[in-house]
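What follows is the residue order along each chain.
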Amino acid sequence: MKIIESNLSFGSMSRRSRTRRIILHHAEASSCTVQDVHRWHKNNGWAGIGYHFFVRKDGSVYRGRPEGTVGAHASGSNSDSIGICFEGTYMTETMPATQKAAGKELVAYLKNKYGIGIVQRHCDVCATSCPGTNFPFSDIAGASGSVSVTTTPSEGDGDKTILKEDGWWGPKLTTRLQQIFGTTVDGVVSNQFLCYRDKNPGLDGGWKWISNPSGYSPLIKAIQKKVGAKQDGHIGPATIKAIQKWLGCVQDGCFSGPSPCIKKLQEWCNRQ
Ligand SMILES: [Zn+2]
């Protein structure tokens, strides 16, 4: 069996002190990737994907959060369990044979590795329909035998793009920040006040400047929350000062081009 390293970036997580059981889930989404689930869970305010493994319908197995950390998949049962999620929605769908075979291998591997035999459904420990009535639980939970495992890097970059630390805030920095803060990833900072464009030449590309925007940017709002600024979703001198304070830069309330503070922001992103 091959485990694909997903190369995702996480917030802080604690180590799991013991591993007593495996808990099985479905994604409750017919088609999704490990990156999708990672983004959804970041949107919940979690450190990242809550499951330790993600099994796709094509039988590929992806690593989720690091195996030795406490998951976020079954409330009250995370401290001593490993969570596996299966792509699909098994209240209505039937699991493809390749996915079932991969799930069996993964369960057998983890049982051996940790010397454990307990496998549960999410619904065995929480009030939920997960992993669905069509989920082939007894087949997967009953899997045993020795399985050899290799790991391979993700085919893509996961969500870890290394940014050029050049002091310009364009679409690439926006994309990376959107991944880190769990907002929609499109490389665009929407709904910003036009009057701040020319004062901040470092904000270069992917910024939607409007003379009187009716909306706001969810990314800027998330950053404002992080740096302790008023959460209105608009960049301006107060928000920029708060970002500068957070990053330990000179607090002049604007981003020159290139900006030493944007460079620090890029460095921060590259450390996440
Ligand atoms: Zn579940």
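Keep in mind it's a predicted model, so treat the numbers as computed, not measured.

### Re the pattern of salt bridges
Here the idea is simple: oppositely charged side chains can pair when their charged atoms come close. The final tally for this structure, using the stated rule, is 12 salt bridges. Linking R20 and D80 is a salt bridge whose minimum nitrogen-to-oxygen distance equals 2.8 Å. With R20 in the loop between β1 (2-5) and β2 (21-26) and D80 in the loop between β4 (61-63) and β5 (81-86), this residue pair connects regions lying 60 residues apart in the sequence. Under the relative-accessibility criterion, R20 is labelled partly exposed at 35%. In this structure, E267 and K263 form a salt bridge, with 3.1 Å as the shortest nitrogen-oxygen distance. In this pair, E267 and K263 are both assigned in helix α8 (residues 260-271), 4 residues apart and thus about one turn of the helix distant. Given the relative accessible area of 23%, E267 is considered partly exposed. One connected set of salt bridges, linked through shared partners, spans E5, R63, E67 and K113.

### Remarks on the side chain of Q224
Inspection of the secondary structure assignment puts Q224 in helix α6 (residues 218-227). Q224 sits in the buried class, given a relative accessible area of 0%. In contact with Q224, not counting residues within four places along its chain, are A229, K230, Q231, D232, G233, H234 and T239.

Cut-offs and rules
Residues numbered from 1 in each chain as written. Predicted model: local features only at pLDDT ≥ 70, side-chain atom pairs only at ≥ 80, totals over all residues. Heavy atoms only, no water. Salt bridge = Lys/Arg side-chain N within 4 Å of Asp/Glu carboxyl O. Helix = DSSP H or I, 4+ residues; strand = E, 2+ residues; numbered from the N terminus. Buried < 20%, exposed > 50% of the residue type's maximum accessible area, 1.4 Å probe, protein only. Contact = heavy atoms within 4.5 Å.

Distances and angles like these do not, on their own, reveal function.
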